[in-house]
Amino acid sequence: MKEEQDYINDLAEIRSMMERSSKFLSLSGLAGVMAGLYALAGAWIAYSVLNFTPQTISSEYYQSVNASSNLTQLILLACLVLVLAVGTAIWFSYRKANKRGESIWNATSKRLLASISVPLLTGGLLILILLSKSFISLIAPLTLIFYGLALYNASKFSYEEVKYLGMIQIALGLLSTLFTGYGLLFWAIGFGAVHIVYGIFIHIRYER
Amino acid sequence: MKFSIVDMHKAFESRVRLGIMSALAVNDELDFSSLKEFLDVTDGNLATHLKKLTKLEFIDEEKSFIDNKPNTRYFMTDKGKKAFDDHLKVLEQIIKSQK
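1. A few points about the overall build of chain B
Within chain B, the secondary structure is distributed over 4 helices and 3 strands. The secondary structure elements of chain B, listed N-terminal to C-terminal, are α-β-α-α-β-β-α. Projected onto its principal axes, the C-alpha positions of chain B cover 55 × 25 × 20 Å. Counting across all 99 residues of chain B, residues that qualify as buried make up 41%. For chain B, the proportion of contacts with a sequence separation of at least 24, taken over those separated by at least 6, is 52%. Carbon and sulfur atoms make up 51% of the accessible area of chain B, which totals about 6,100 Å². Each charge class in chain B can be summarised by its mean position, and for the 17 positive and 17 negative side chains these summaries are 7 Å apart.

The structure is reproduced here in structure tokens:
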């Protein structure tokens with residue numbers, strides 16, 4: 001006959017299996033910190049090298065002659081930051097998954113990705129459409145809002161904290177819509193500072 | 001208060017079968033290789049336990065082909081859900097009663 005301890009172990013194992021098979025927990029906190037640093041660096045370059053001051057994010061500015069090349073540079077810069085951040089996240093997750101004896105491409109990571117991709121692709125396409133119609137001022141708020149929605153949606157399949165990260169990004173995006181002149185500042189706060197705080201929190205809580 | 005071992009379904013005596021049921025309780029369906037990764041067991045071992053659970057009608061399978069390779073996905077039946085819930089309840093009661 002089984003002992004009490006065996007039943008407690010059974011329950012613990014059931015709980016652990018439920019979590020392991022439904023959540024992808026190899027997301028790295030340090031990768032979040034790195035993504036935040038890239039974003040801050042990107043915002044600094046946009047501000048001081050490309051002379052992209054917050055006030056210039058208005059529709060009139062983009063009707064001026066040299067604005068379009070500046071905008072192209074800015075979009076390239078944003079893409080570079082994105083690629084670096086996603087690349088770092090994949091690399092760090094790969095290492096963390098290996099350490100945990102998990103595969104990075106398994107049932108949970110696929111579901112995580114699927115739940116992120118629908119809001120993110122919707123937002124991405126919407127932003128491309130807006131760009132083509134020169135609605136520049138809405139782009140910074142919308143990236144934050146759709147990114148936040150994607151995180152909120154994906155949090156079911158990873159750390160619970162991802163949900164709060166998503167809610168903060170959505171709130172910043174909405175605030176940014178009220179103050180469209182400060183898009184770059186909200187970008188730096190949302191993608192930069194908030195990511196760094198979140199990454200440190202995850203690192204301290206789950207990775208030490 | 002005593003709970004006899006009779007209340008415990010034999011299907012859940014095995015750690016592997018308990019693991020399969022736990023994973024399927026929170027996933028609509030899982031294929032063989034996913035289950036194998038979560039449980040960390042050999043193909044043969046997993047297949048044997050899956051067969052037992054299928055025979056009890058606790059789980060069911062759906063066969064299909066992905067890139068010409070057979071792919072079997074498993075899911076919990078209503079009967080399996082009820083049995084698993086009951087098992088959890090018994091576990092809980094045993095632990096409570098012994099405190």
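Having put the structure on the table, let's press on.
2. Quick notes on the interface of chain A and chain B
At the junction of the two partners, chain A supplies 21 residues and chain B supplies 22 residues. A combined buried area of about 2,000 Å² lies between chain A and chain B, and 65% of that area is made up of carbon and sulfur atoms. The largest share of the area that chain A buries against chain B comes from Tyr7(A), Ile14(A) and Met17(A), three residues that together contribute 28% of it. Inspection of the chain A/chain B interface yields 2 salt bridges. Between Arg15(B) and Asp10(A) there is a salt bridge, with its nearest N and O atoms 2.8 Å apart. The interface formed by chain A and chain B holds 7 residue pairs in polar contact (both at pLDDT 80 or more) in total.

3. Let's talk about the side chain of Lys96(A)
By the secondary structure assignment, Lys96(A) is in helix α3 (residues 67-99). Apart from the residues lying within four places of it in its own chain, the contact partners of Lys96(A) are Leu25(A), Ser26(A), Leu27(A), Ser28(A), Tyr159(A) and Glu207(A).

4. Concerning the sheet that holds strand β2 (residues 59-66) of chain B
Hydrogen bonds between backbone atoms are what pair the strands of a sheet, whose relative direction is either parallel or antiparallel. Residues and elements named next belong to chain B. Taken in spatial order, the 3 strands of this open sheet run β1-β3-β2, and their pairing is antiparallel. Lying at the two open borders of the sheet, with one neighbouring strand each, are β1 (30-31) and β2. Running over the sheet, helix α1 (residues 15-25) touches β1, β2 and β3 (69-76) and is turned about 85° from β3.

5. What to know about helix α6 (residues 161-178) of chain A
Residue and element names in this part refer to chain A. Between its first and last C-alpha atoms α6 spans 26 Å; for 18 residues at 1.5 Å apiece the expected length is 26 Å, and the two agree. Taken together, the buried positions of α6 are occupied by Glu 161, Val 162, Leu 165, Gly 166, Gln 169, Ile 170, Leu 172, Gly 173 and Ser 176. The secondary structure elements touched by the buried residues of α6 are α5 (139-154) and α7 (183-206).

6. Examining the layout of surface pockets
Quantified by volume, the second largest pocket comes out at close to 370 Å³. Forming the boundary of the second largest pocket are 17 residues, of which Ala107(A), Glu29(B), Leu30(B), Asp31(B) and Ser34(B) lie nearest the centre. For the lining of the second largest pocket, the residue count by class is 5 nonpolar, 5 polar and 7 charged.

7. Observations concerning the packing of α6(A) against α7(A)
Residues and elements named next belong to chain A. Where α6 contacts α7, the axes come no closer than 10 Å and their chain directions differ by 165°. Viewed along their axes, α6 and α7 adopt a mutual orientation that is roughly antiparallel. Judged by the sense of rotation from one axis to the other, the crossing of α6 with α7 is right-handed. Contacts between α6 and α7 pair Glu 161, Val 162, Leu 165, Ile 168, Gln 169, Leu 172, Leu 175 and Ser 176 from the former with Gly 183, Phe 186, Ile 189, Gly 190, Phe 191, Val 194, His 195, Tyr 198, Phe 201, Ile 202, Arg 205 and Tyr 206 from the latter. Residues that form the contact of α6 with α7 fall into these classes: 13 nonpolar, 5 polar and 2 charged.

8. Overview of the packing of aromatic side chains
Residue and element names in this part refer to chain A. Under the counting rule described, the total for this entry stands at 5 aromatic pairs over all chains. Ring plane angle 40° and centroid distance 5.3 Å describe the contact between Tyr 147 and Phe 191, whose orientation is recorded as tilted. One end of the pair, Tyr 147, is in helix α5; the other, Phe 191, is in helix α7, and 44 residues separate them in sequence. Sitting over the ring of Phe 92, Arg 95 keeps its end group 5.3 Å from the ring centre.

Definitions and limits used
Residues numbered from 1 in each chain as written. Chains lettered and ligands numbered in written order. Predicted model: local features only at pLDDT ≥ 70, side-chain atom pairs only at ≥ 80, totals over all residues. Heavy atoms only, no water. Helix = DSSP H or I, 4+ residues; strand = E, 2+ residues; numbered from the N terminus. Buried < 20%, exposed > 50% of the residue type's maximum accessible area, 1.4 Å probe, protein only. Contact = heavy atoms within 4.5 Å. Areas by Shrake-Rupley, 256 points an atom, 1.4 Å probe, with all protein chains shown as cover. Lys, Arg positive; Asp, Glu negative; His and termini not counted. Charge placed at Lys NZ, Arg CZ, Asp CG, Glu CD. Buried area = accessible area lost by both parts, 1.4 Å probe. Salt bridge = Lys/Arg side-chain N within 4 Å of Asp/Glu carboxyl O. Polar contact = N/O pair within 3.5 Å; in protein donor to acceptor, adjacent residues only side chain to side chain. Pairing = 2+ DSSP bridges. Axes fitted to C-alpha atoms, helices over the stretch in contact; angles between N-to-C directions. Expected span 1.5 Å × (residues − 1). 1 Å grid on protein atoms, 1.4 Å probe; cavity = no way out; pocket = protein on both sides within 12 Å on 5 of 7 lines; lining within 4 Å. Points joined across faces, edges and corners; volume = space filled by probe spheres on them. Nonpolar A, V, L, I, M, F, W, Y, C, P; charged D, E, K, R; others polar. Parallel < 35°, antiparallel > 145°, perpendicular 65-115°, else oblique. Left-handed = near helix turned anticlockwise from the far one by under 90°. Phe/Tyr/Trp six-rings, centres within 6.5 Å; stacked < 30°, edge-to-face > 60°. Lys NZ or Arg CZ within 6 Å of the ring centre and 35° of its normal.

Any functional reading would require information that these geometric values do not contain.
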